[in-house]
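Geometric and topological summary
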Amino acid sequence: MHPENTNFIYVNREMRTLSNIDYDITLLDWLRTNLKLKGTKEGCAEGDCGACSVLVHDGSNSEVRPINSCLVRVGQVVGKGVITVEGIGNEKKPHPLQTSFIKENASQCGYCTPGFIISGISLLNSNKDVDENSINDSVSGNLCRCTGYSPIVKALKSVGNNHEEIKPIQFVEQNNDVQLGLVSYHNPINLDELLNLTNKPNFRYLAGGTDLNLQRPIINEDQNTIINLSNIKELKNIEVQNNKLLLGSAVTIENFLVTIKDRIPELIELLQRFGSPQIRNQGTIGGNLCTSSPIGDIAPVFLALNAKLNIFGSNGRKKVNLNEFYTGYRKNILTKDEIVSSIEVPLPKKDYNLFCWKLSKRYDQDISTISLTVYIKIRDQIIDDIHLAAGGIAETPKYLDNLCKDMKGQKLDKSISLAINNIKNYIKPISDIRGTADYRIESFRGLFRRLEKCLVDGVKTMSIMDYNNE
Ligand code: FES
Ligand code: FES
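Residues numbered from 1 in each chain as written. Chains lettered and ligands numbered in written order. Predicted model: local features only at pLDDT ≥ 70, side-chain atom pairs only at ≥ 80, totals over all residues. Heavy atoms only, no water.

Look at helix H3 (residues 113–125) against helix H5 (residues 149–159): their axes get within 11 Å of each other, and the N-to-C directions meet at 35°. The two elements H3 and H5 cross, and the hand of that crossing is right-handed. In this structure, H3 uses Phe116, Gly120 and Leu124 to contact H5, whose residues at the interface are Tyr149, Ile152, Leu156 and Val159. The residue makeup of the contact of H3 with H5, split by class, is six nonpolar, one polar and no charged. (Axes fitted to C-alpha atoms, helices over the stretch in contact; angles between N-to-C directions. Helix = DSSP H or I, 4+ residues; strand = E, 2+ residues; numbered from the N terminus. Left-handed = near helix turned anticlockwise from the far one by under 90°. Contact = heavy atoms within 4.5 Å. Nonpolar A, V, L, I, M, F, W, Y, C, P; charged D, E, K, R; others polar.)

Have a look at this one:
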């Protein structure tokens, strides 16, 4: 298939043209209001409940990925394929998973059910084993308020691998630039195309949009161009080199998670708690770093590992240490046309321990209150080398340079006491809706107690759950 018209999305295998819509409309609203596909529901409209889940796919492979359609603007999926619950099965010909939901009483009011079906199908369609862990992760972004999760898990288990795969159609993808209302939406597919766009007077970059799309509208009155970075080939590459990872900035959190599973297992829990599969499939590493939030989950890990950023713009390329990137609350050194093109992340050395901890009000799917990454080498109970970085303790994510210097070379127990007793000399957290400054300081002390316990007990890594259960 090779349409003349580039202004389209394949929905449930049919080409649907976009017409007379504003750039600001979400995929969810377009499906429900314009296409009258009401199976996809709106619960929270901010990525927390999964009622709006749909599957998206590219033209050339059969992988389908769940996303939250409330957090995606239509312009971001132009030229792609979308499968809604109507494309999975219907009353006359239900999918085996839908039949299993009925059999196991896995639906009561049914409002959440289309979202669970979409999440379940994406697991069944993947090459993962369908077990308790993979089921729990697959539905971690779906809320059910009345049925309870046991029948839902049972319904998924009983289908297991015994089902027909959902096969998306194949089509030719193009660089689909569209005009939506007064805004031009550009979807460059390589860096050369991107450079040709950066001479536009008023534009805004958008990658996954899981943060930016919470704002409505996302552009000011004087901006009329959005440049979507998430289709640029060079930004989606992952290279595993001898002692480092080279990650394109548009690599999704989910693809990052798959890459580190065997290489940096200490990071798995943090990335699973980063967000649901729907969020992880949409959010990008570069987006998480460049929103420059003091509580972004990735920055402390990369700071502790001494990551470097490759920056690309109309004045060429340059490399900077992540440690020099942040300049203030939600601010960084990028100029208007510059982007982070890739990130070089040294792989942890074998004789070091890596701990990546995040404290949040809720275990899953929540924003950090504080986080701490510790990359440490101990010899004979002496700290031979240590790199500490944290989120939620200042207006930017921070590498704790002075604390590292003061702890290095000391006996473990002495240096932990030093950190605990003098923590106020090293961090200056603010009070906000997620926690007071005092709460953050006390929690930070708690993380150092946990660090000592892990190192004394010889635990390679310790989940926050294990610690709380002690
Ligand atoms: Fe709740 Fe989209 S409506 S995640
Ligand atoms: Fe009612 Fe899940 S069945 S919210």
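Having put the structure on the table, let's press on.
Glancing now at the packing of aromatic side chains. Under the counting rule described, the total for this entry stands at nine aromatic pairs. Each ring, one from Phe256 and one from Phe302, has its centre 5.8 Å from the other, and the planes form 75°; the classification is edge-to-face. Residue Phe256 is located in helix H7 (residues 253–260), and its partner Phe302 is located in helix H11 (residues 298–304); the two are separated by 46 residues in the primary sequence. The pair formed by Phe256 and Phe302 is uniform in burial state, with each residue classed as buried. Through a chain of ring-to-ring contacts, the aromatic side chains of Phe8, Tyr10 and Phe171 assemble into a single cluster. In this structure, Arg273 is placed above the aromatic ring of Tyr363, and the distance from its NZ or CZ to the ring centre is 4.3 Å. In this arrangement the basic side chain of Arg450 is found over the ring face of Trp357, its NZ or CZ atom lying 4.7 Å from the centre. (Phe/Tyr/Trp six-rings, centres within 6.5 Å; stacked < 30°, edge-to-face > 60°. Buried < 20%, exposed > 50% of the residue type's maximum accessible area, 1.4 Å probe, protein only. Lys NZ or Arg CZ within 6 Å of the ring centre and 35° of its normal.)

By size, the foremost hydrophobic cluster in this structure holds 74 residues, and its most contacted members are Phe256, Ile285, Phe302, Leu388, Phe444 and Phe448. Examining the composition of this core, we find that seven residues originate from one element, helix H14 (residues 437–457), more than from any other. Setting aside residues no more than four positions away along its own chain, Phe444 makes contact with Ile370, Ser371, Leu372, Ala390, Ile393, Leu400, Ile423 and Ile427. (Core = buried A, V, L, I, M, F, W, Y, C linked by side-chain atoms within 4.5 Å.)

You will see that Arg13, though not glycine, has its phi angle at about 75°, which is positive. Considering the arrangement of structural elements, one finds Arg13 in the loop between strand E1 (8–11) and strand E2 (14–17). Judged by its relative accessible area of 33%, Arg13 is partly exposed. At Gln381, a residue that is not glycine, the phi angle is positive and equals roughly 65°. Turning to its location among the elements, Gln381 is positioned in the loop between strand E18 (370–379) and strand E19 (382–391). A relative accessible area of 43% places Gln381 in the partly exposed class.

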